[in-house]
Amino acid sequence: QVQLVESGGGLVQAGGSLRLSCAASGRTFSYYAMGWFRQAPGKEREFVAAISWRGDSTYLADNVKGRFTISRDNAKNTVYLQMNSLKPEDTAVYYCAADRVPTTLRVTTRGYDYWGQGTQVTVSS
């Protein structure tokens, strides 16, 4: 069992930066691939980024490449999403998720075993 808690969301102006954190409980965190998703009002949850269990493989959605970075610190049981050059269209609730298959970088919600409660990111124009 893994419990995930996101933090770091907030209100930021366009062009600004935020770093989201996802803290995980459980000794097996380091064996999980991790993902970040987001959901804007009235829209489906969409993939943002994923990282393998060792952090040596990452994958980002096209609309955030060059602006967002995903990383993890297994010693701290935490995965991060650094978001730079934020745009109003990045406004959403951001969720982290854990996948028991450690090397698969899934881009759909299917297959992720555990989810956090989400953290709100609002980007003003």
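Scroll up to find the structure.
Residues numbered from 1 in each chain as written. Predicted model: local features only at pLDDT ≥ 70, side-chain atom pairs only at ≥ 80, totals over all residues. Heavy atoms only, no water.

(A) Focus on the state of the cysteines. Inspection of the entire model under this criterion finds one disulfide. The disulfide that involves C22 links it to C96, with 1.9 Å between the sulfurs. In this structure the cystine formed by C22 and C96 twists about its S-S bond by roughly 50°; its chirality is therefore right-handed. With a gap of 74 residues between them, C22 in strand 3 (residues 18-24) and C96 in strand 9 (residues 92-99) connect regions that are remote in the sequence. Classification of C22 as buried rests on a relative accessible area of 0%. On the accessibility criterion, C96 (0% relative accessible area) is buried. (Disulfide = S-S within 2.5 Å. Helix = DSSP H or I, 4+ residues; strand = E, 2+ residues; numbered from the N terminus. Buried < 20%, exposed > 50% of the residue type's maximum accessible area, 1.4 Å probe, protein only.)

(B) Quick look at the side chain of D99. Here D99 is to be found in strand 9. Polar side-chain contacts of D99 include one of 2.5 Å to the side chain of R106. With residues near it in sequence (within four places) discarded, D99 still touches Y32, A33, T104, R106, G111, Y112 and D113. (Polar contact = N/O pair within 3.5 Å; in protein donor to acceptor, adjacent residues only side chain to side chain. Contact = heavy atoms within 4.5 Å.)

(C) Fine view of the packing of aromatic side chains. Evaluated as defined, the whole model comprises seven aromatic pairs. Aromatic pair Y31 and W53: ring centres 5.9 Å apart, planes at 35°, arrangement tilted. One end of the pair, Y31, is in the loop between strand 3 and strand 4 (33-39); the other, W53, is in the loop between strand 5 (46-51) and strand 6 (58-60), and 22 residues separate them in sequence. The structure contains a cluster of three or more aromatic residues connected by ring pairs, namely F37, F47, Y59, Y112 and W115. (Phe/Tyr/Trp six-rings, centres within 6.5 Å; stacked < 30°, edge-to-face > 60°.)

Treat this as a map of the structure, not an account of what it does.
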